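Coordinate analysis (summary)
The chain contents come next:
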There are 2 protein chains.
Amino acid sequence: MSQKGTQSVQFDQAPYILSSASVVGKKEGEGPLGGLFDMVGADDLFGEDTWEAAESTLQKEAATLAIGKAGISKEEIRYIFGGDLLGQSIATTFGLMELNIPLFGLYGACSTAGESLSLAAMAVAAGFGDQVLAVTSSHFASAEKQFRFPLEYASQRPLSATWTVTGSGAFVLAKKRSKVRITGITTGKVVDFGIKDSMNMGAAMAPAACDTIYQNLIDFDRNPEDYDKIITGDLGYVGQEILIKLLREKGFDISKQHMDCGIEIYDRTTQDTHSGGSGCGCSAVTLSASLLPQLEKGTYRRILFVPTGALLSTTSFHEGQSVPGIAHGVVIEHA
Amino acid sequence: MSQKGTQSVQFDQAPYILSSASVVGKKEGEGPLGGLFDMVGADDLFGEDTWEAAESTLQKEAATLAIGKAGISKEEIRYIFGGDLLGQSIATTFGLMELNIPLFGLYGACSTAGESLSLAAMAVAAGFGDQVLAVTSSHFASAEKQFRFPLEYASQRPLSATWTVTGSGAFVLAKKRSKVRITGITTGKVVDFGIKDSMNMGAAMAPAACDTIYQNLIDFDRNPEDYDKIITGDLGYVGQEILIKLLREKGFDISKQHMDCGIEIYDRTTQDTHSGGSGCGCSAVTLSASLLPQLEKGTYRRILFVPTGALLSTTSFHEGQSVPGIAHGVVIEHA
């Protein structure tokens, strides 16, 4: 039986992460993780005419690189589980079209990175595919246009705002042995604390992260110490503080284990990114470039990776709706 | 082994459709299938203030009805696989939030109905959940606002245009025996024939439908006659003609078996719907209200259900991109 607790799965035959790739923009390349990414763009257009096409190119490059690193051909990938933040997921549509692989399109805002890994792991573990690709992306400029203001307005950003990462991370999951495997997942629910400030997504997502992490610990009967790191996607500095506080109220102290990809990816003092990085690409490229190598080496034995998403559109926001959150947990272990 | 051919899965332990529900708007209630739906709204606002909130209510009602018909509580649903057409899938977020069930958000345009059934079937077949819900929706007014023009403009619609169905269909898939089961799936690829007319989505989606149906017949080594019906989602009259022609060129004549939910749902002569109905809700409510009862009775022994999606956003469209299509095939049989 692979169902675990009320909201989790423990894989009897845990799928391996055979390879991964990260492609980022210029600013991410200049950040603390800059030297670790597979490819850093010279500008953020990646040779395209529009930000949306640039984001598609990010996905295509990350997917192609990951498949190449796995030493397989694209025909050997059975499914892609992919998504992005744009309306109707157009970065994914146009980015992955040429690969000509059956596609399950996903949307979970920035949690899509966790959602895609979860479903890809389920597909491989169940034998529906021997090799499956999970890929997500975000782009600062396409996201600002989609969710906030055209860049040309040069709007001032509040200190609680995050900076959408220009980047795409792709992962080949497979039956074939590697040094890292996904041993379990905890799938998140939509959690709404009534936050109405789209410039404070950390606060909107922290309750969802709390809910998923708490349920993961309960379902697997673990304590925070059973993980070397508990890593959220893009809560940033503001969300991190709230998450730790909320989990303390529920009886768990994760202050020693907690890490946030949005905090790791930029240098707060020199890069003017305020609360930190965000976006589907933020957690995906950090996992590929920084976390997986540590799991491969065994520096980390087991981590809980929890990409977090803020569920809003300009329409819902302008209609006065709140910004609910969702977070999907993925347990990744050294093998 | 459950993988079949290059793009399909045949379920060793085929999951059952335990129950389903359909909720539609006024116009759909006045159409040829009007008497079959579980619930028909008196107007299209369903007691809400906005079209988007109305669409959320459609999903919530359909999901709640389906769960009720299955004779289970919502706590017994392990996962929801859900989606809609709106940017950032807000109808789904706000519609399903109250259910408090782990959610995998999906986006495949109108093919999402097939995508959600496919993933839900995979989850149940693999033992990741004993009961899983698949739900999708669309709403004429929220879709017009999202993709075309505000209703207040009273824009004239070309004859190739389809009419987005106001409706939501929900399905409880389970291990527990019923009279209908999903025995296989064929997951679609993004197919682009370079159509640039967002008012002719039938033409944009027909090549994708052709690709998936063809691959299904090859993967399962079947002929069109092995299906009582081959039912596309929302090609409409324009797309139907193209699909039949394209498949003839590939050696299969489906003219006897083919049926399109977009053609079935409205009366062309009296309802002013031009090429037919469309939207995630179109195929979902037709399956629930009209097709499943025939499968339960055994009038149909086996059908191939192929929801079709046109992958565009206003941004991609305004940037001059084409409208690619995708179609996901689901084999449903009398049990």
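Residues numbered from 1 in each chain as written. Chains lettered and ligands numbered in written order. Predicted model: local features only at pLDDT ≥ 70, side-chain atom pairs only at ≥ 80, totals over all residues.

**Structural notes on the interface of chain A and chain B**
Interfaces are often sized by the accessible area lost when the parts come together. Listed per partner, the contact involves 48 residues of chain A and 48 residues of chain B. Elements supplying a minimum of two residues to the side of chain A that touches chain B: strand 5 (79-83), helix 3 (90-96), strand 6 (103-105), helix 4 (112-125) and helix 10 (314-318) of chain A. When the residues that make up the side of chain A that touches chain B are grouped by side-chain class, the tally is 24 nonpolar, 19 polar and 5 charged. (Contact = placed C-beta atoms within 7 Å. Helix = DSSP H or I, 4+ residues; strand = E, 2+ residues; numbered from the N terminus. Nonpolar A, V, L, I, M, F, W, Y, C, P; charged D, E, K, R; others polar.)

**Focus on the domain arrangement of chain A**
Residue and element names in this part refer to chain A. According to the domain assignment, chain A consists of domain 1 (3-174) and domain 2 (180-334). The gap between the C-alpha centroids of domain 1 and domain 2 is 17 Å. Counting from both sides, the interface comprises 57 residues of domain 1 and, opposite them, 61 residues of domain 2. Looking at the side of domain 1 that touches domain 2, the elements that each hand over two or more residues are strand 2 (8-10), strand 3 (16-24), helix 1 (26-29), helix 4, strand 7 (131-138), helix 5 (140-147), strand 8 (163-164) and strand 9 (167-174). Classifying every residue of the side of domain 1 that touches domain 2 by side-chain character gives 27 nonpolar, 24 polar and 6 charged. (Domains from an automatic or database assignment.)

**Structural notes on helix 10 (residues 280-297) of chain B**
All names here are of chain B. Its 18 residues place the ends of helix 10 25 Å apart at the C-alpha level, agreeing with the 26 Å of an ideal helix rising 1.5 Å per residue. The sharpest bend along helix 10 reaches about 45 degrees and sits at L287. Counting buried positions along helix 10 gives 13 out of 18 residues, so the element sits mostly inside the fold. Residue G298 follows helix 10 closely and has a positive phi angle near 90 degrees. (Expected span 1.5 Å × (residues − 1). Bend = angle between axes of the 7 residues up to and from the residue. Buried ≥ 20, exposed ≤ 12 C-beta atoms within 10 Å, placed from the backbone.)

**Observations concerning the nonpolar core**
In terms of nonpolar packing, the biggest core is built from 233 residues, with A66, L133 and L173 of chain A together with A66, L133 and L173 of chain B touching the most fellow members. When neighbours within four sequence positions are excluded, L133 of chain B is seen to be in contact with A63, A66, I67, I77, I80, A170, F171 and V172 of chain B. (Core = buried A, V, L, I, M, F, W, Y, C linked by C-beta atoms within 7 Å.)

**Thoughts on the pairing of strand 5 of chain A**
Residues and elements named next belong to chain A. Counting buried positions along strand 5 yields 5 of 5 residues, so the element is predominantly enclosed. Judged by which residues are buried, strand 5 turns out to be covered on both faces: Y79, F81 and G83 on one side and I80 and G82 on the other are all buried. Bridge analysis of strand 5 against strand 7 gives 5 bridges, and the strand direction is parallel. Bridge pairing links G82 to V135 in strand 7. Note: strand 5 against strand 6, 3 bridges, orientation parallel. From the neighbouring strand, G82 faces strand 6, where its bridge partner is G105. Between the parallel elements strand 5 and strand 6, the chain passes through helix 3 in a crossover that is right-handed. (Pairing = 2+ DSSP bridges. Right-handed = clockwise from strand over helix to strand, strands pointing away.)

**Focus on the pairing of strand 17 (residues 329-334) of chain A**
Residue and element names in this part refer to chain A. Relative to strand 17, strand 10 (residues 180-186) runs antiparallel, the two being bridged by 6 bridges. From the neighbouring strand, T186 faces strand 17, where its bridge partner is G329. Bridge count for strand 14 (residues 302-306) against strand 17 is 4 bridges, and the pairing is antiparallel. Residue pairing across strands places F305 opposite V330, the latter belonging to strand 17.

**Comments concerning unusual backbone geometry**
All names here are of chain A. Notably, F46 is not glycine yet its phi reads approximately 45 degrees, a positive angle. Positive phi values are uncommon outside glycine, yet A109 reaches one of about 50 degrees. Within the fold, A109 resides in the loop between strand 6 and helix 4.

**Points about the confidence of the model for chain A**
When the pLDDT values of chain A are averaged, the result is 96; 100% of them are 70 or greater. Predicted complex, confidence summary: ipTM 0.97, pTM 0.98. (pLDDT = per-residue confidence, 0-100.)

**Here we look at the packing of helix 2 (residues 51-69) of chain B against helix 5 (residues 140-147) of chain B**
All names here are of chain B. The interhelical angle for the contact between helix 2 and helix 5, taken along N-to-C directions, is 130 degrees, at an axis separation of 8 Å. Considering their axes alone, helix 2 and helix 5 lie oblique with respect to each other. Viewed along their axes, helix 2 and helix 5 form a crossing whose handedness is left-handed. Together, W51, E52 and E55 of helix 2 and A141, S142 and K145 of helix 5 make up the contact between the two elements. In the contact of helix 2 with helix 5, the residues fall into 2 nonpolar, 1 polar and 3 charged. (Axes fitted to C-alpha atoms, helices over the stretch in contact; angles between N-to-C directions. Parallel < 35°, antiparallel > 145°, perpendicular 65-115°, else oblique. Left-handed = near helix turned anticlockwise from the far one by under 90°.)

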